[in-house]
Amino acid sequence: MPTRPNVASGWSPYVAGALSGLVSLLSVALVGKFFGASTTFVRTAGLIEGLFAPARVARMELFRLEVPLIDWQWMFVVGIFLGSLLSALSDGSYRWQAVPDMWAARFGPAKGPRAAAAFFGGIIAIFGARLAGGCPSGHGLTGVMQLSLSGLVALICFFLGGLVVARLLYGSGRAS
Amino acid sequence: MTILFYGLITGVLFGFLLQKGRVLRYDKQLGALRLQDMTIVKFMLANIMVAMVGVYLLSDLGMVKLSIRSLNLGANIIGGLVFGIGWGLLGYCPGTSLGALGEGRWDALWGIAGMLVGAGLYAEAYPFLKATVLSWGVLGRLTLPQVLGLNHWLVIIAWIIGSLLLFRFFEKKGL
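S.K.: Please explain the overall build of chain B as it appears in this structure.
M.R.: Secondary structure assignment for chain B yields eight helices and two strands. Order of helices (α) and strands (β) in chain B, N terminus to C terminus: α-α-α-β-α-α-α-β-α-α. Oriented by its inertia axes, the alpha-carbon framework of chain B measures out at about 45 × 45 × 40 Å. Per-residue burial over chain B gives 55% buried out of 175 residues. Long-range pairs, those at least 24 residues apart, make up 64% of the contacts in chain B with a sequence separation of at least 6.

Next up, the structure:
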C-alpha cells in the first residue's frame, strides 16, 4: 500500500473538531442556522423530478413539506464540497480515487463492486436518515449538542447499524 | 440571497475542517465502525463539546433559541438503524459524501446518486410511513436534562468529563 510521507497527516481531529464546533456555534448565534444535510437530498430529488413531472411533484405530500428549492442548507452542503477541495489542494492531500484503500484490501481494486455498494448504500442511508428525521449532522451534531433525546437515540442507532454491516463486510478480524 | 451566502461560507469552513481533520475518508468512517480508528468520533465529540457549552450559554443569556427535534421512537430507532446499514455500505454520510468528492474520492459520486434516488423513493413512501413508523412512539421535544430532572449544566459537565475520559481511552489504546 503506497504511503505518502509528509503528505500531511492533517490536523489533530480534536483541534479540527473543536474549531468546527465553533463554526456550528457561530452559525447558530449569528444566522440562527443549525447544521444538517439530508433534507438537501430530498429537495434536490424534488428539483430533478420537477424537471420531468412538475405537476406530480407539486402534489406530493413530502415535497410540500420539504419544498424543492435552494436554501441555506443546500448552499451549506455545496460549501462542504468547496471547503474540502480547498483544503485538500492547499496541503497536497487531494487524491483522485475510485476505490478506497480499505475496500481494495478486502474486495480487490475492481470499481464495479465498490460502485454498487456505494450506490445501494446511498439509497438505504438517505431513506433511513429521512425516516429518522436527520443524519449525523442534523441528529448527531445538532441534536446531541443540544442534548436532545432524539439526537442521542438516532446517533446510537446510526452506529449500531453501521457496526453490524462493518462486521458482516470485514469480519471481526483486527487486521486491516 | 444573504442567507444563501451564509450557508455557502459556513459550509466552506465546515468542509475545510472536515478535510483537515481527515474524517471524510471511507477508511476513517469504516475504521470507526470496525472499532479500529476513532478519528471521526474524536472529531464529532470535540465539535459537540464546544458547541454544547456555547449554545447552552447563549441560550441561558437569551441570545439563541434551541431547536430540539421531537423524540419519535419508531422513526428515530428504525430510521437510525436503516441509516447505519446504508452508512456501513457507502462509507460516507450525506454531508461528508460531498466533502469526500471534494478531496477526490469520487466513489462518493455513486453514493450521492444513490442518495438522490433514495430521497425520491422516500418521498413516494412518505404517506405510508407517516401513517405507520412516523406515528409510533412520538414523545415530543425532550432533552436529557429534562428527563433526568437535572440542571442542564450538571449534564453538560458530566458529558464533558465522559468525553475526556473517552479521549484518554482512545489515546491509550492507540485508536
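Additional details are given in the paragraphs that follow.
S.K.: Where do I start with the nonpolar core in this structure?
M.R.: It is characteristic of soluble globular proteins that their nonpolar side chains tend to be buried jointly. Within the largest apolar cluster, 93 residues are counted, with the highest numbers of intra-cluster contacts made by A:M145, B:F14, B:V41 and B:W87. With sequence-adjacent residues up to four places away left out, B:W87 is seen in contact with A:A125, A:F158, A:F159, B:Q29, B:L33, B:I40, B:Y92 and B:C93.

S.K.: Quick question: what am I supposed to make of the environment of B:R22 here?
M.R.: Position of B:R22 among the secondary structure elements: in the loop between α1 (2–20) and α2 (26–33). For the pair formed by B:R22 and B:P94, sequence separation is 72 residues and the distance between their alpha carbons is 16 Å. Of the polar contacts made by the side chain of B:R22, one reaches the side chain of A:D91; its length is 3.0 Å.

S.K.: Mind showing me how you'd approach the interface of chain B and chain A here?
M.R.: Where interface size is given, it is often the accessible area lost as the parts come together that is meant. At the junction of the two partners, chain B supplies 115 residues and chain A supplies 118 residues. Buried area between chain B and chain A, both sides added, is near 10200 Å², and the carbon and sulfur share of it is 74%. Looking only at chain B, the three residues that lose the most surface to chain A are B:K20, B:R34 and B:R69, adding up to 7% of its buried area. The tally of links between chain B and chain A comes to five salt bridges. As a salt-bridge pair, B:R22 and A:D91 come within 3.0 Å of each other at their nearest N and O atoms.

S.K.: Just checking my understanding: could you explain the packing of aromatic side chains for this structure?
M.R.: Between two aromatic rings, the relevant description is the distance of the centres plus the angle of the planes. One pass over the structure, following the stated rule, counts 17 aromatic pairs over all chains. For the ring pair A:F35 and A:F76, a centre distance of 4.6 Å and an interplane angle of 45° mean the geometry is tilted. On the criterion of sequence distance, the pair formed by A:F35 in the loop between α1 (13–31) and α2 (38–52) and A:F76 in helix α5 (residues 72–91) is long-range, its members being 41 residues apart. Summarising the burial analysis for this pair, A:F35 and A:F76 share the class buried. Joined through ring pairs, the aromatic side chains of A:F35, A:W72, A:F76 and B:F14 make up one cluster. For the cation-ring pair, A:R114 lies above A:W103, with the distance from its terminal atom to the ring centre recorded as 5.4 Å.

Definitions and limits used
- Residues numbered from 1 in each chain as written.
- Chains lettered and ligands numbered in written order.
- Predicted model: local features only at pLDDT ≥ 70, side-chain atom pairs only at ≥ 80, totals over all residues.
- Heavy atoms only, no water.
- Helix = DSSP H or I, 4+ residues; strand = E, 2+ residues; numbered from the N terminus.
- Buried < 20%, exposed > 50% of the residue type's maximum accessible area, 1.4 Å probe, protein only.
- Contact = heavy atoms within 4.5 Å.
- Core = buried A, V, L, I, M, F, W, Y, C linked by side-chain atoms within 4.5 Å.
- Polar contact = N/O pair within 3.5 Å; in protein donor to acceptor, adjacent residues only side chain to side chain.
- Buried area = accessible area lost by both parts, 1.4 Å probe.
- Salt bridge = Lys/Arg side-chain N within 4 Å of Asp/Glu carboxyl O.
- Phe/Tyr/Trp six-rings, centres within 6.5 Å; stacked < 30°, edge-to-face > 60°.
- Lys NZ or Arg CZ within 6 Å of the ring centre and 35° of its normal.

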